[in-house]
Amino acid sequence: MNHSFTCFTLLLLASIMTVNGQTRINHVAIYAKDIKASGAFYENIVGLKEIEEPFKDGLHIWYDMGLGTSLHVIAREHPWTNPSIVKDNHLCFSVADLDGFIAQLVEKKIPYEDARGNPSTINIRPDGIRQIYIQDPSGYWLEINDEY
């Protein structure tokens, strides 16, 4: 391999990373079967705060997820086509009080499970973080953990 070429490539990559900075997540967008039900879920169950969205067409709801990121819930054009939904493909939120969050789920009769699908069970990761999984009204999986 040409040493000059390797040095040039490394310098080019370093300058690109310096110009662009660290790439950051801006938002996550999901389609909703029923935008009102999904909006109520993300606001009242997950605890996200609704933020202004630019479209103002009744087909979008945006939520602040913290650190400059947002969740865009979008009304799906009809007919609804069920997306391929598996727990491995999920969105994760951290809460300060997982036990309080679970109590809220129980009170509202919203089922939760561990990573293996055991109902009403908390999973403990090897690093000690506790986590549960729930589904939103469209069936999307959410991990809720206490790595707050």
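Before reading on, note that the structure itself is shown above.
Keep in mind that what you see is a predicted model, and the values were worked out from it rather than measured. (Residues numbered from 1 in each chain as written. Predicted model: local features only at pLDDT ≥ 70, side-chain atom pairs only at ≥ 80, totals over all residues. Heavy atoms only, no water.)

Student: Would you mind going over the sheet that holds strand E6 (residues 123-124) with me for this structure?
Tutor: Working definition: the strands of a sheet are paired by backbone hydrogen bonds and lie parallel or antiparallel to each other. Spatially, the four strands line up as an open sheet ordered E5-E8-E7-E6, and their pairing is mixed. Of all strands in the sheet, those with a lone pairing partner are strand E5 (91-94) and E6, marking the two edges. In this structure, E6 lies alongside strand E7 (residues 130-135), joined through two bridges in antiparallel fashion. Note on E7: the bridge partner recorded for Ile-124 is Arg-130. (Pairing = 2+ DSSP bridges. Helix = DSSP H or I, 4+ residues; strand = E, 2+ residues; numbered from the N terminus.)

Student: Would you explain the pairing of strand E8 (residues 141-145) in this entry?
Tutor: Here is the key point about a regular strand: its side chains alternate between the two faces of the sheet. Across the five residues of E8, five count as buried, placing the element largely inside the fold. Of the two faces of E8, the one holding Trp-141, Glu-143 and Asn-145 and the one holding Leu-142 and Ile-144 are both buried throughout. Counted between consecutive antiparallel strands, the loop separating E7 from E8 contains five residues, among which Gly-139 sits at a positive phi close to 100°. (Buried < 20%, exposed > 50% of the residue type's maximum accessible area, 1.4 Å probe, protein only.)

Student: I keep staring at helix H3 (residues 98-107) and nothing clicks. Help me out?
Tutor: Spacing of three or four residues puts side chains on the same side of an α-helix, whose turn is 3.6 residues. Every buried residue belonging to H3 is among Leu-98, Phe-101, Ile-102 and Leu-105, and all of these are buried. One side of H3 carries all its buried residues, which in axial view fall inside an arc of 100°. In H3, the exposed positions angled more than 90 degrees off the buried face are occupied by Val-106 and Glu-107. Structurally, H3 contributes buried residues whose contacts are with helix H2 (35-45), E7 and E8. Where H3 starts, the residue carrying a side-chain oxygen 3.4 Å from the main-chain nitrogen of Asp-99 turns out to be Asp-97. One or two steps after H3, the chain reaches Lys-109, where phi turns positive at roughly 55°. (Arc of directions from axis to C-beta. Contact = heavy atoms within 4.5 Å. Polar contact = N/O pair within 3.5 Å; in protein donor to acceptor, adjacent residues only side chain to side chain.)

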